[in-house]
Number of protein chains: 2
Amino acid sequence: MISIVLVDDHPVFLQGLEALLSKVPHFEVVKTFSDSTGFFRYLAEGDLPEVVLLDIEMGSITGIEIASNVLQLYPGVKVIMLSTYFSDEYISVLVESGISGYLLKSTDFKELKDSIEKVAKGRFCCSPEIMEVVIEGFKKSSDAESSEGGPGKEPGQLTDREIELVRLIADELTMKEIANKLYLSEHTVKTHRKNLMAKLGVKNTAGLIKKAFLLGLIE
Amino acid sequence: MISIVLVDDHPVFLQGLEALLSKVPHFEVVKTFSDSTGFFRYLAEGDLPEVVLLDIEMGSITGIEIASNVLQLYPGVKVIMLSTYFSDEYISVLVESGISGYLLKSTDFKELKDSIEKVAKGRFCCSPEIMEVVIEGFKKSSDAESSEGGPGKEPGQLTDREIELVRLIADELTMKEIANKLYLSEHTVKTHRKNLMAKLGVKNTAGLIKKAFLLGLIE
DNA sequence: TTCAGGCTACCACTTTTGTGGTATTTTACT
DNA sequence: AGTAAAATACCACAAAAGTGGTAGCCTGAA
């Protein structure tokens, strides 16, 4: 059984896809989302699907960002981007981030189905048109079999301590207050925050809280 | 025609109520929400209903907080709390905040209907049991006809400038950067932020961003 | 025309955040 | 037993945020 989550801001496409995928015997569409916030909150709860089908245009936060964040926070989850078009630079970024597939929406259903199966087995998969771009990109650096990996840690790339921290920060505690609360040195707390900001790619508290919200870490 | 928005985290109650209210000729249930985030985002877009029916137990953010925030940000909107129980202190706070009604869920539909009509006309309305508490509370201070009011300003209690500011802060700009961007003195920007924090009742940037999110000011 | 609210601006001072290091210990996996 | 990651801790300095004031200007409503 392959567990699948769909994320797409077009409810029609979402429903259609769900109906189609649900008919495939060993596929299970466990959840669908039309906004990234709900999606991230879901992941943060620890319900990690095997495969995520992700549409690329999602309003305030782009598909690229969503994909990057999912890949960073939940490396065990396979992400397949669905898009109407493709852009060289984006694909490069995504492939480096460890995305599992990039398909055009024009892809027919059989191809999508096959792709999901391949991806679930740990392979990379994309539309032929896109493969060219990807191969082109490989003429620069060749590293990285991403792949396999046991389930990893549930809460993702961020450690438990870090998540604890970000929540306390969101509750308006200062480093000093958090240090007291957790019986830690203020230095330690500052170090955690520093790592947190680096991992989430933000510059200050405002960015930290915003991102934490977007990623469903706080509510 | 009275435009109504329902907010309640119990979908069953929500749907039932919607069905009932929709049958009343001059009532229009324009929207329903089962979480506060979506509700605040909706208000922030400027679609202000005349009356909001608000259930009191809503998880992370309490009904009291939601009500207070709505009343503060959108004074023109009439808020009726629906609750299973009632607490002296809460009611006092809410009445002072300018709530338009406080009904128990045990209220029958006719009473609810009448209450909505009264409230839409600018009156205050609550269950008899609660009225006692309210009157009791009046033995302290007697001010405030809240009420009437033209539509006020759309974005609520926060001024345009302040909303602009909070969004730039959420984008990780420092006061200096914002000042440059808007051709203002850094002092001015700091003053705005100061007012902003006071209005939203928060202590620091973390709280500011969190609240702004909760209120749908940023996304 | 007074008055309130919003926008602007300033000051001085404290506290907290943010940067950019290093380093030890514990824990968990191999 | 070895090692990678997490958690802990330290330092010094720069940059911002946060506190608690005051105050002038403009506009629209009473």
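The following refers to the structure shown. (Residues numbered from 1 in each chain as written. Chains lettered and ligands numbered in written order. Predicted model: local features only at pLDDT ≥ 70, side-chain atom pairs only at ≥ 80, totals over all residues. Heavy atoms only, no water.)

1. Thoughts on the overall build of chain A
Part 1 of the reasoning: Counting secondary structure elements, chain A contains ten helices and six strands.
Part 2 of the reasoning: Buried residues in chain A amount to 45% of all 219 residues.
Part 3 of the reasoning: Residue pairs in contact within chain A that sit at least 24 positions apart in sequence constitute 63% of those at least 6 positions apart.
Part 4 of the reasoning: Accessible surface for chain A amounts to roughly 10900 Å². Of this, 52% is attributable to carbon and sulfur atoms. (Helix = DSSP H or I, 4+ residues; strand = E, 2+ residues; numbered from the N terminus. Buried < 20%, exposed > 50% of the residue type's maximum accessible area, 1.4 Å probe, protein only. Contact = heavy atoms within 4.5 Å. Areas by Shrake-Rupley, 256 points an atom, 1.4 Å probe, with all protein chains shown as cover.)

2. Overview of the environment of Val79(B)
Residue and element names in this part refer to chain B.
Part 1 of the reasoning: Here valine 79 shows up in strand E4 (residues 78–83).
Part 2 of the reasoning: In this structure, the C-alpha to C-alpha distance between valine 79 and leucine 54, residues 25 residues apart in sequence, is 7.1 Å.
Part 3 of the reasoning: Excluding residues within four positions of it along the chain, valine 79 makes contact with Val52, Leu54, Ala67, Val70, Leu71, Ile99, Ser100 and Gly101.

3. Let's talk about the sheet that holds strand E1 (residues 2–7) of chain B
Hydrogen bonds between backbone groups are what pair the strands of a sheet, and the pairing can be parallel or antiparallel.
Residues and elements named next belong to chain B.
Part 1 of the reasoning: Ordered in space as E2-E1-E3-E4-E5-E6, the six strands form an open sheet in which the pairing is parallel. The open sheet has two edge strands, strand E2 (27–33) and strand E6 (125–126), and neither has a second partner.
Part 2 of the reasoning: As defined by bridge partners, E1 adjoins E2 across six bridges and the pair is classed as parallel. Within the sheet, the bridge partner assigned to isoleucine 2 lies in E2 and is phenylalanine 27.
Part 3 of the reasoning: The sheet contacts of helix H3 (residues 63–73) involve strand E3 (51–55) and E4, and relative to E4 the element is tilted by about 175°. (Pairing = 2+ DSSP bridges. Axes fitted to C-alpha atoms, helices over the stretch in contact; angles between N-to-C directions.)

4. A look at the interface of chain A and chain B
Part 1 of the reasoning: Each partner contributes to the interface: chain A provides 17 residues, whereas chain B provides 17 residues.
Part 2 of the reasoning: Between chain A and chain B lies a buried interface of about 1700 Å² when both sides are counted; carbon and sulfur atoms form 56% of it.
Part 3 of the reasoning: Contact with chain B buries surface across chain A, with Glu172(A), Lys210(A) and Phe213(A) losing the most and accounting together for 37% of the total.
Part 4 of the reasoning: Inspection of the chain A/chain B interface yields two salt bridges.
Part 5 of the reasoning: Note that Lys210(B) and Asp171(A) form a salt bridge whose closest N and O atoms lie 3.1 Å from each other.
Part 6 of the reasoning: Put simply, chain A and chain B have six residue pairs in polar contact (both at pLDDT 80 or more) between them.
Part 7 of the reasoning: Taken together, the elements giving at least two residues each to the side of chain A that touches chain B come down to helix H7 (160–170) and helix H10 (205–214) of chain A. (Buried area = accessible area lost by both parts, 1.4 Å probe. Salt bridge = Lys/Arg side-chain N within 4 Å of Asp/Glu carboxyl O. Polar contact = N/O pair within 3.5 Å; in protein donor to acceptor, adjacent residues only side chain to side chain.)

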